[in-house]
Amino acid sequence: MRKIKLSIVVILGLVLPLVSCGNIESTGNAPQWKSYSGDPVIERKVDSVLNLMTLEEKIGQMNQYSGNFAVTGEVAETKAGEYLKKGMIGSTFNTFGADHIRMLQEQNLKYSRLKIPMLFAADVIHGLETTFPIPLAEACSWDLELMEQSARIAAEEATASGIAWNFAPMIDIARDPRWGRVMEGAGEDPYLGSLVARARVKGFQGIETYKDFSKINTMMATSKHFVGYGAAQAGRDYHSVDMSVRTLHETYLPPFKAAVDEGVTSFMTAFNDLNGVPCTGNKYLFKEILRDQWGFGGMVVTDYTAIQEMVAHGFARDIKHATELAIDAGIDMDMISEGFVTCLKELVEEGKVSEKQIDVAVSRILEMKFLLGLFDDPFKYCDAERQKKTVMNPEYLKAAREVAQRSIVLLENKNNVLPLEKDEPKRVALIGPFVKERESLNGEWAIKGDRSKSVTLMEGLQEKYRDSQVKFSYAQGTSLPVIDRTTQKVSTTTVPDRSGFPEAINLARNSDVILVAMGEKYHWSGEAASRTDITLPGNQRELLKELKKTGKPIILVLFNGRPLDLSWEAENMDAIVEAWYPGTMAGHAVADVLSGDYNPSAKLVMTFPRNVGQIPIFYNVKNTGRPFDENNPADYRSSYIDSPNSPVYPFGYGLSYTSFEYTNAMISSKKLERGGDLTVSVDVTNTGNMDGEEVVQLYIHDKVGSVVRPVKELKGFKKIHLKKGETKAVEFTIDEEMLKMYNIDMEWVAEPGEFEAWIGASSADESNHLEFSLVE
Ligand code: BGC
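Quantities reported herein were computed from a predicted structural model and do not represent experimental measurements. (Residues numbered from 1 in each chain as written. Predicted model: local features only at pLDDT ≥ 70, side-chain atom pairs only at ≥ 80, totals over all residues. Heavy atoms only, no water.)

What's the story with the domain arrangement of the protein chain in this structure? I'm lost.
Accessible area lost when the parts come together is the quantity often used to give the size of an interface. Along its sequence, the protein chain is carved into domain 1 (2-386), domain 2 (403-614) and domain 3 (660-775). Measuring from the centre of the C-alpha atoms in domain 1 to the corresponding centre in domain 3 gives 39 Å. At the junction of the two partners, domain 1 supplies 11 residues and domain 3 supplies 13 residues. For the pair domain 1 and domain 3, the summed buried surface comes to about 1000 Å²; carbon and sulfur atoms form 65% of the total. On the domain 1 side of the interface with domain 3, the three residues burying the most area are Trp142, Tyr191 and Arg246, jointly 61% of the side's total. For the pair domain 1 and domain 3, the interface holds one salt bridge. Glutamate 250 serves as the salt-bridge partner of arginine 709, at 3.1 Å between the closest nitrogen and oxygen. Along the contact surface separating domain 1 from domain 3 lie five residue pairs in polar contact (both at pLDDT 80 or more). (Domains from an automatic or database assignment. Contact = heavy atoms within 4.5 Å. Buried area = accessible area lost by both parts, 1.4 Å probe. Salt bridge = Lys/Arg side-chain N within 4 Å of Asp/Glu carboxyl O. Polar contact = N/O pair within 3.5 Å; in protein donor to acceptor, adjacent residues only side chain to side chain.)

Rendered as C-alpha cells:
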C-alpha cells in the first residue's frame, strides 16, 4: 500500500476534505493507463484522488459543460448548479476573465463534495484580446518563430484571464477554399502544416517538459479536429469525408503526429464521418492510431455536441448508444452532448461499459489538472491584476502589427504601382466597403478580441501619410452584402445596389491612383460558412470593372478568410494585396505594407483557383497517364475544355517590392547512399532597389515509385533577408529520411531510384532543376 501526500489546498479559508485527509491511501488498484507525463509520482496522485471518487463523480469529471452558466451568487437552482452540487462538471469553456472564472471556481469548490478544480478552456485561435492575423494568414509568413511567438502571447493573455486549456491549434489540412474553416489552419501542405502545428503547440504550451506546466503562463493545447475535417465533401462544413487510407496517412495525419511529437496535451474529435465512421466513435483513429501507434498519453475531448450528433449521422440509435460508442472509441471528455452524465452510469450498471474504461478517462483528466497545478491552487489562472497588466499591453500590440505585416501577401504589382511613397505627390481615391470596415478585421474566430478596437484601413493610412504628399479622398462605392441564414441567400434588405458607383467613379477620375479595399464580411468564413461561389461577394467586382474604365491604376486590397477566385482581378488590377483578416493592428500593418515601410515577404499556403470547377486544387497532385501538353492542347489530355489546369496563384507564391534572382543551382553528388546525405544549393540575389526577404523553397519529385508519387513535394524552405544587391548561397541537405513515403505495402520507406529537385520562389518555379538518385 502506497501513501502519498497531496499538497495543501486552501480555498476560501477552508481546508478541503481532499487535503484534510493529509495522507491519502491508495489501494494500488491503479487503472491501466499510460500517463502523459510518465511520472510515477503524478500517477500515484491521480490514483489517490480516483480512489476517493464515486462512479457519479468520475463521470462528472468527464463532462464538459457550456461556460454560459455565468451567474453570481446562488447557482444551485440552475441545471449547472445541480451538476456542480454533485461534482459533475469537470470542465467548462468559452467563459473569460480572472474574476469571473474565480467566481465559477468558487462555486464549484463550495458545492462539490471532493472539490476537484474545474478546468477552464477556450478557443484562443489567434490571440485572446490582442488579436493576431487569422492562422491561414500567419502561415503565409512561413516564419515558424513568429507563429510560436504569437501563440505564446495568446497564452500569456489567456492564462492571465482564467484559461488553462486552449482549443487550438486547428491543424486540418485544407484544399477546398469553399470550406469556411480554411481560415483557421495552415493551408494545403502536410510538410508545412506539420511544422506550423509544432510551432503553435510549442507557443501555446510553452513547455520543454511536462514539469513546465507548473508555470503560470503555460496552457494545454489541442490538436483539432481529428481527422479529415478539411476534406469535407464539396467544401460543405460537417460533410462526409471519404478518402483512402493512403491519403489519410500521407496528407491529413502528419500535422497531428507532429503535434504529438511536440508534446501536445489534448486532441479534439472531428464532426465528420471518415469513410463511414463518425470520428467521435472511431476506434481506428483514437485507439489504433493515436494511442497504440503514436503512444499519445494526453486527453481527448469531443467537438461540440459530437456524441449526440452520431445519432443524426445514423451511426447510433440514441444518445445512450452514442455514449457507448464514444467511450469505446477512447473519448475522455464529452463537450456539451451530456451523453456521459446522463447515460454512462446506466451503461456501467448494464455491464456495457466497464468502470475501468471510465477510470482511464478520468485519470487522464485528473493528470492534466495536476500538471497545470490546479490541485495546488485552483485559482492559479485567476489573477485580475495580472490580467490587467497583460491583456493588450503595448508590447503585444507591437508584435501583432509585425505578425500582420509579415502575413500580407503581395499578389500583383504591375509597373511597380506599389509602394505608395510618402514623398511622391499623389491624389488617391479611397474606395470600397473595407476602407472603414472595423468589425471584420479580427476574422470570425476572435471570440474575445474586441472588434471595436481594431484599426481600420482608413485610420492606418491617415496616420501613416499624415504630413505627406499623398492626399486621400473617400467614397464607399458599394457595401458588403449580408447573408440571410434562413434563406441561404444575400439578404434582400441589405442587397448592395449601384447607387454609390457614380460618386466613386467620379472620385476615381479626379485622382492619380485608385486604392480599393474589398473582401468578405468576417462571418463569410469560419465555421458553417461554406460558399459555392468564391468571387468577391455582391457587386464588388462590378464596381472594379467600372473603375477600370477610368484608366487609372488600381490597387486592390483584400480582406477575406479564404482563397478567392481572382481570375478577373489578377488580369485587370495593377496591384493586389492580400491582407486576409489582419487582427487588431490591421490598418497599421496594411499601411506599413502599402507605404513600403515594410516590404512584403509572405507567400501563399493555399492555391488560388481560377474558378470553383478546379476545386479541390493543390500543387502536389499526382500525374496522370495523359499529362497536359501545352504544345498539343487539343489532344486527348487531362485538362478542361473551358479552363486551364493551372491556378491563378500557386502554393508558395508571393511578390516583394524588390526582385530576387536564383542562379547557380548545384548538387554535391548525383548519388545519395542510404544513410548518407547530399546538399543542393542556389545563389539568391536581391536584384531590385529595396532590402527584402525571400522564402526559398525546396521541392522534390520521386520519379518512379511502387505507388505514384506527387509531381513535387515541399521538403524544405528558408526565409532569408537580403540587402539590395546582396547575394546569399542557400543550401539544403537531402537525406534518406526526406525521401520516405508509404510504399505499396504501406511501409514508411525510401525507394531507390531517380529523383528530381527544384529550388525556387514558389511551387510553380521550375527554373532551378537538379537530379540525383538514391542508391542501395
Ligand atoms: C468547433 C470547435 C470549437 C468548439 C468549441 C465547435 O463548433 O468545431 O473547433 O473548439 O466549437 O467552441
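Sorry, what's going on with the pattern of salt bridges here?
Pairing between side chains of opposite charge can happen when the charged atoms of each approach one another. Enumeration over the complete set of coordinates arrives at 51 salt bridges. Among the ionic pairs, glutamate 338 bridges to lysine 79, the shortest N-O distance being 3.1 Å. Here the residue glutamate 338 occupies a position in the loop between β14 (334-335) and α14 (339-349), and lysine 79 occupies one in helix α4 (residues 79-85), the gap between them amounting to 259 residues. By relative accessible area, which is 47% here, lysine 79 ends up partly exposed. The closest approach of N and O atoms between arginine 427 and aspartate 512, which form a salt bridge, is 3.0 Å. Of this pair, arginine 427 sits in strand β16 (residues 426-431) while aspartate 512 sits in the loop between α19 (501-509) and β20 (513-519); the two residues are 85 residues apart in sequence, bridging distant segments of the chain. Residue classification places arginine 427 among the partly exposed residues on the basis of a relative accessible area of 42%. Taking relative accessible area as the criterion, aspartate 512 reaches 30% and is therefore assigned partly exposed. (Helix = DSSP H or I, 4+ residues; strand = E, 2+ residues; numbered from the N terminus. Buried < 20%, exposed > 50% of the residue type's maximum accessible area, 1.4 Å probe, protein only.)

Mind showing me how you'd approach the sheet that holds strand β27 (residues 713-722) here?
As a general point, the strands of a sheet are linked pairwise by backbone hydrogen bonds and lie either parallel or antiparallel. Across the sheet, five strands lie side by side as β24-β32-β31-β26-β27; this open sheet has mixed pairing. In this open sheet, the two strands that pair with only one neighbour each are β24 (671-673) and β27. The sheet shows a mean angle of 25° between the axes of neighbouring strands, direction not considered. Where β24 lies against strand β32 (residues 769-775), three bridges are found, and the strand directions are parallel. (Pairing = 2+ DSSP bridges. Axes fitted to C-alpha atoms, helices over the stretch in contact; angles between N-to-C directions.)

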